[in-house]
Amino acid sequence: MTRSIRKPLRAAAALAACTAFLAGCGGGDGYNLTKPPFAGSPACDTLTGKLPDELGGHRLEKTNVAGAAAWGDGDIILYCGMPKPETGADCLTEGGIDWTAQKPADDRTATMFATQGRDPSVQVRFRNENTDPSAVLPSLAPAVKDIKADGKGCGAGS
């Protein structure tokens, strides 16, 4: 009887070890990056090539998702190629880029901003509520500036 119990226990232990291993790798990143709808645009290709290696004290992580980037185990997630957001009351300008606050995408997103007046839109999600967006968003400005502004940003009356 002991012999028949050991085999399932070993299989369960092996499965648990594989799951833990994958959770620490890119395949099981813990923040489930998905390809944005318009990630294939030339503007997004340019943007992802210009992202900072460090953002908000976090290192840029390697991902295999077009139009998406993450820093610090997904504490900060960027998506390029998102639909244009509706103009929000909480519109701010950081680093010369207009951003509008958005409703968090899920229960793991504490704060979320999207570019206002740029097509395609860039969305930045912050998982940690202690991360100050005004300390992070200006660092993204050099990459985001290459996405042409359409004149409908903050204070443009739209």
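Residues numbered from 1 in each chain as written. Predicted model: local features only at pLDDT ≥ 70, side-chain atom pairs only at ≥ 80, totals over all residues. Heavy atoms only, no water.

> Looking at this structure, how should I read the nonpolar core?
Among the nonpolar cores identified, the biggest contains 22 residues, and Leu-47, Leu-78, Trp-99, Val-122, Val-124 and Leu-140 are the most heavily contacted of them. Per element, the largest residue contribution to this core is 6 residues, and it comes from helix H3 (residues 133-144). Leave out the neighbours within four places in its chain, and Leu-47 touches Leu-78, Cys-80, Val-122, Ala-143, Val-144 and Ile-147. Counting 7 residues, the second-largest nonpolar core is a separate cluster that includes Tyr-31, Leu-33, Ala-68 and Met-82. (Core = buried A, V, L, I, M, F, W, Y, C linked by side-chain atoms within 4.5 Å. Buried < 20%, exposed > 50% of the residue type's maximum accessible area, 1.4 Å probe, protein only. Helix = DSSP H or I, 4+ residues; strand = E, 2+ residues; numbered from the N terminus. Contact = heavy atoms within 4.5 Å.)

> Would you explain the packing of aromatic side chains in this entry?
Any aromatic ring pair is given by two values, namely how distant the centres are and how the planes are angled relative to each other. What the rule picks out here adds up to 1 aromatic pair. Here the aromatic rings of Phe-113 and Phe-126 are separated by 6.4 Å at their centres, their planes lie at 80°, and the arrangement is edge-to-face. With Phe-113 in strand E7 (residues 111-115) and Phe-126 in strand E8 (residues 121-126), this residue pair connects regions lying 13 residues apart in the sequence. By relative accessible area, Phe-113 is classed as buried at 8%. (Phe/Tyr/Trp six-rings, centres within 6.5 Å; stacked < 30°, edge-to-face > 60°.)

> Is there a simple way to think about the sheet that holds strand E2 (residues 58-61) in this case?
Consider a sheet: its strands pair through backbone hydrogen bonds, and that pairing is either parallel or antiparallel. An order of E1-E2-E3-E4-E8-E7-E6-E5 is seen for the 8 strands of this open sheet, with the pairing classed as antiparallel. The open sheet has two free edges, formed respectively by strand E1 (54-55) and strand E5 (91-94), since each of these has just one partner strand. The sheet strands contacting H3 are E1, strand E3 (68-71), strand E4 (76-82), E5, strand E6 (97-102), E7 and E8, and the helix crosses E8 at an angle near 150°. (Pairing = 2+ DSSP bridges. Axes fitted to C-alpha atoms, helices over the stretch in contact; angles between N-to-C directions.)

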